[in-house]
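# Results of the structural survey
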Amino acid sequence: MCGIIGAVGRDDETLETLVHGLAKLEYRGYDSAGVALTGDGSGVDICKRAGEIDDLRESLETRSPSGAVGIGHTRWSTHGPPNDANAHPHKDCTGDVAVVHNGIIENYQSVRDELTTSGHTFRSDTDTEVVPHLIEEGLANGLDPEAAFREAVGRIEGSYAIAAVIAGEETIFAARNDSPLVLGLDNEIFYLASDVPAFRDFTDQVVYLADGEFARLDDDWTVTDADGTVLDKDVETVEWDPEETGKSGYDHYMLKEIHEQPRALRQCLRGRVDELGGSVDLGDLGDLSPTGVQFVACGTSYHAALYGAQLFEHAGVPAQAFLASEYAASPPPIGDALVIGVTQSGETADTLSALREASRRGARTLAVTNTVGSTAARECDHVFYIRAGPEIGVAATKTFASQQAALNLLTLATAGGDTRSVVPALRDLPGNVQALLDDSRAADIAEIYEDASSYFFIGRGYHYPVALEGALKMKEITYKHAEGFAAGELKHGPLALVTEDTPVFAIVTGDNEMATKTIGNVKEVEARDAPVVAVTDGQSDVERYADHVLRVPETHPRAAAVLANVQLQLVAYHVANRLGRSIDKPRNLAKSVTVE
Ligand code: F6R
């Protein structure tokens, strides 16, 4: 996730403050970084680079921008690969305006086309670059800098936290919509950032901006609404220990990332579903029209692939999910199948190898990934980004939810389906996940069952991959035995393992034949004295046979599979936490597995 820092201070300190702030934002993940400074009567000086903060520092040793006013940025690519040109800040044609931005500008292509026609030259692939050019237009039309900034912001749609500096102005102009922005106040020095850690070493006095608000920092600070009315904002004191601020008050990145899921899902859906018409538009993905689909993936991403294969099958397109490491061993007939690699990192060796094998055999390939510019994104014929933002915890959480959402979009856009009922359910997902997070009993369940010898997870249909994923999460971070089963399979062998010491998590939503059959399986384990935790929306009578219930909001079955998984993430997290495990870095595991 991109990070923003800004400071209005003293000439000799601002650059150092910005670089310090960028280093503090490193935990969010990034692929490039840059700064822009300006001062009394001077132009805007930019230094930016793909790579790490240390690479930027190296560049700054030879060419140090100076000035009392500056903005800085760590970029996590969404539009265009991670390279120097795409790094922020971005400037206009004159070089007098510099802008940093977090979020996604949905209408950037039409604005860019319009600006190009009227003579502007673009130097990057980013959506952000339209903003400095829009400000330039306003200035050229005689607006004062603040009015030009406001007009530019008024032209864009989407999510943004934006900060701009303009030559000759010792001011930072900023605005936010659906992307965080916070001011830091330290006597005569003012800061602005996407996240408190960026300036927490300097001050604990903060002002949080709300959506639709604008800020102006110079020798004072002001926050205004969209009409320019000055707002009376509360100054708050942040209590966090600077060391812990990367986790925003959560004990672990995993828990933070579980709670980031509403936002990750919103980012995934943004600009891709038509709020009113209920249609799906994946922009420049191209015409895929698959007649058959083969998924290749590993681990959690494989579970998302199993879910995705069901989505395509329901849309009438034959689809199979393969463990990437097994794909080459028994290569399936490829025909004219579209081969889809699902990979958060885009760097998993097994998945890359399967994609290359598919490509060698003439298949079209598509990467569904979180990582812009990753090997999978570069090597595949097509790429579709899940936009979950960087995931620091080794255990995949928010990226799984975003993979599920992205695969729904992909299916609807390329194979069709019941858009009218699925799109509203997808749109409701962020809110439903939030409601579940606010009200989950997962911590109580973890307390009751932390000593169990094994955990079993069962589900049918869309809930089968979720059962597998629930078990994987439990294994990974608690180091305890856990297995996921298709509910109907339990009686074909695994039932022998079921005892009063093996809690069974049964995912049952809706009230239909599938729910009735899973309830039958629940009765089988209940008869063997196993405790049952029902993950349910309460539509069926599964609760009658369950010892405990984890509730999910009522919704479309596809969306219910996302929600049920969030409850299971929380159970695994709380069990692991009670056992004192190394949750963010479980033993023997790596975030990106680059060997076969
Ligand atoms: C589990 C987990 C792993 C990954 C797997 C594939 O929490 O994170 O199972 O899902 O290693 O990684 P990607 O998605 O990067 O290809």
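Just so you know, these numbers come straight off a predicted model, no measurement behind them. (Residues numbered from 1 in each chain as written. Predicted model: local features only at pLDDT ≥ 70, side-chain atom pairs only at ≥ 80, totals over all residues. Heavy atoms only, no water.)

Here we come to the overall build of the protein chain. Scanning the protein chain from terminus to terminus reveals 17 helices and 24 strands. Computed over its C-alpha atoms, the radius of gyration of the protein chain comes to 25 Å, within 12% of the 25 Å expected for a compact globule of 596 residues. Referenced to the eigenvectors of the C-alpha coordinate spread, the extents of the protein chain come out at roughly 80 × 55 × 45 Å. Residue burial in the protein chain is summarised as follows: out of 596 residues, 61% are buried. Within the protein chain, contacts between residues separated by at least 24 positions form 69% of all contacts whose residues are at least 6 apart in sequence. (Helix = DSSP H or I, 4+ residues; strand = E, 2+ residues; numbered from the N terminus. Rg over C-alpha atoms; globule rule 2.2 N^0.38 Å. Buried < 20%, exposed > 50% of the residue type's maximum accessible area, 1.4 Å probe, protein only. Contact = heavy atoms within 4.5 Å.)

This brings us to the sheet that holds strand 19 (residues 382-385). Across the sheet, 5 strands lie side by side as 16-15-17-18-19; this open sheet has parallel pairing. What marks the edges here is a single partner per strand, and that holds for strand 16 (319-323) and strand 19. The mean angle between the axes of side-by-side strands here comes to 20 degrees, regardless of whether they run parallel or antiparallel. Sheet topology note: the strand 15 (residues 293-297)/strand 17 (residues 338-343) ladder contains 4 bridges and is parallel. By the bridge assignment, Gln294 is partnered in strand 17 with Val339. Strands strand 15, strand 16 and strand 17 of the sheet are contacted by helix 8 (residues 299-314), whose axis makes an angle of about 170 degrees with strand 16. In the packing of helix 10 (residues 349-360) onto the sheet, the strands contacted are strand 15, strand 17 and strand 18 (364-369), and the crossing angle to strand 17 comes to about 170 degrees. (Pairing = 2+ DSSP bridges. Axes fitted to C-alpha atoms, helices over the stretch in contact; angles between N-to-C directions.)

As a structural note, the neighbourhood of the ligand is formed by 13 residues, with Ser301, Thr343, Gln344, Ser345 and Thr348 the closest of them. Separating an oxygen atom of the ligand from a side-chain N or O atom of Glu476 is a distance of 2.8 Å. Burial of the ligand by the surrounding chains reaches 89%, relative to a free accessible area of 410 Å². In terms of residue class, the shell around the ligand is built from 4 nonpolar, 7 polar and 2 charged. (Near = heavy atom within 4 Å. Polar contact = N/O pair within 3.5 Å; in protein donor to acceptor, adjacent residues only side chain to side chain. Areas by Shrake-Rupley, 256 points an atom, 1.4 Å probe, with all protein chains shown as cover. Nonpolar A, V, L, I, M, F, W, Y, C, P; charged D, E, K, R; others polar.)

This paragraph deals with the packing of helix 13 (residues 419-438) against helix 17 (residues 557-578). It is at 9 Å that the axes of helix 13 and helix 17 come closest, and there the two elements cross at 20 degrees. As far as their axial angle goes, helix 17 and helix 13 are roughly parallel. The element helix 13 and its partner helix 17 pack so that their crossing is right-handed. Seen from helix 13, the contacting residues are Val422, Ala425, Leu429, Asn432, Val433, Leu436 and Leu437; seen from helix 17, they are Arg558, Ala559, Val562, Leu563, Val566, Gln567 and Leu570. Partitioning the contact of helix 13 with helix 17 into residue classes produces 11 nonpolar, 2 polar and 1 charged. (Parallel < 35°, antiparallel > 145°, perpendicular 65-115°, else oblique. Left-handed = near helix turned anticlockwise from the far one by under 90°.)

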